[in-house]
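# Fold and contact review
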Amino acid sequence: MKSQLSKPARSKASYSEEYKREALQLWRASGRSAAKVAAELGIRPPLLYRWAHLERQPDAAKRESKSAHSVEELEAEIRRLRAENAKLLEQREVLKKSLGILSEAPPRGMPESNR
């Protein structure tokens with residue numbers, strides 16, 4: 001009976017974000033295939049594709065960097081939201097008043113509706 005030998009577990013290589021960006025930039029700027037660029041860098045081509053895919057995905061780090069808007073943009077957004085909030089509060093008050101008016105008993109002399 002033959003015993004099967006298992007391959008030793010390879011340690012997962014980790015690459016810095018800067019290295020990933022530079023590898024993707026080299027790949028895109030060169031116009032060559034991912035296989036050729038990956039061979040030059042000593043990595044597998046699917047890794048380049050994975051990095052490119054992850055770069056396009058909106059992840060938490062990208063959301064944080066996008067949320068770092070300028071102070072002027074944030075102040076403009078606050079002004080817009082305050083104006084919208086005031087408008088919505090006014091509309092709510094109008095609706096509350098109209099509900100109060102519609103739920104009042106009809107004055108004397110008015111025929112009651114048949115429900």
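Residues numbered from 1 in each chain as written. Predicted model: local features only at pLDDT ≥ 70, side-chain atom pairs only at ≥ 80, totals over all residues. Heavy atoms only, no water.

## Description of the overall build of the protein
Counting its regular elements, the protein contains 5 helices and 0 strands. If you list the helices and strands of the protein from N to C, you get α-α-α-α-α. Counting only residues that meet the buried cut, the protein has 10% of its 115 residues in that class. In the protein, once contacts between residues fewer than 6 apart in sequence are set aside, the share between residues at least 24 apart is 37%. In the structure as shown, the protein presents an accessible area of about 10900 Å², 56% of it carried by carbon and sulfur atoms. (Helix = DSSP H or I, 4+ residues; strand = E, 2+ residues; numbered from the N terminus. Buried < 20%, exposed > 50% of the residue type's maximum accessible area, 1.4 Å probe, protein only. Contact = heavy atoms within 4.5 Å. Areas by Shrake-Rupley, 256 points an atom, 1.4 Å probe, with all protein chains shown as cover.)

## Re the pattern of salt bridges
For side chains of opposite charge, pairing can occur when their charged atoms come near one another. According to the stated counting rule, one finds 7 salt bridges in the structure shown. Residue Glu17 is joined to Lys20 by a salt bridge in which the shortest nitrogen-to-oxygen separation is 3.6 Å. Here Glu17 pairs with Lys20, and both are found in helix 1 (residues 17-30), just 3 residues apart, close to one helical turn. Here Glu40 ties to Arg32 by a salt bridge, and the two come within 2.3 Å at their closest N and O atoms. Classification of Glu40 by relative accessible area gives exposed; the value is 52%. (Salt bridge = Lys/Arg side-chain N within 4 Å of Asp/Glu carboxyl O.)

Spatial relationships are all this shows, so hold off on functional conclusions.
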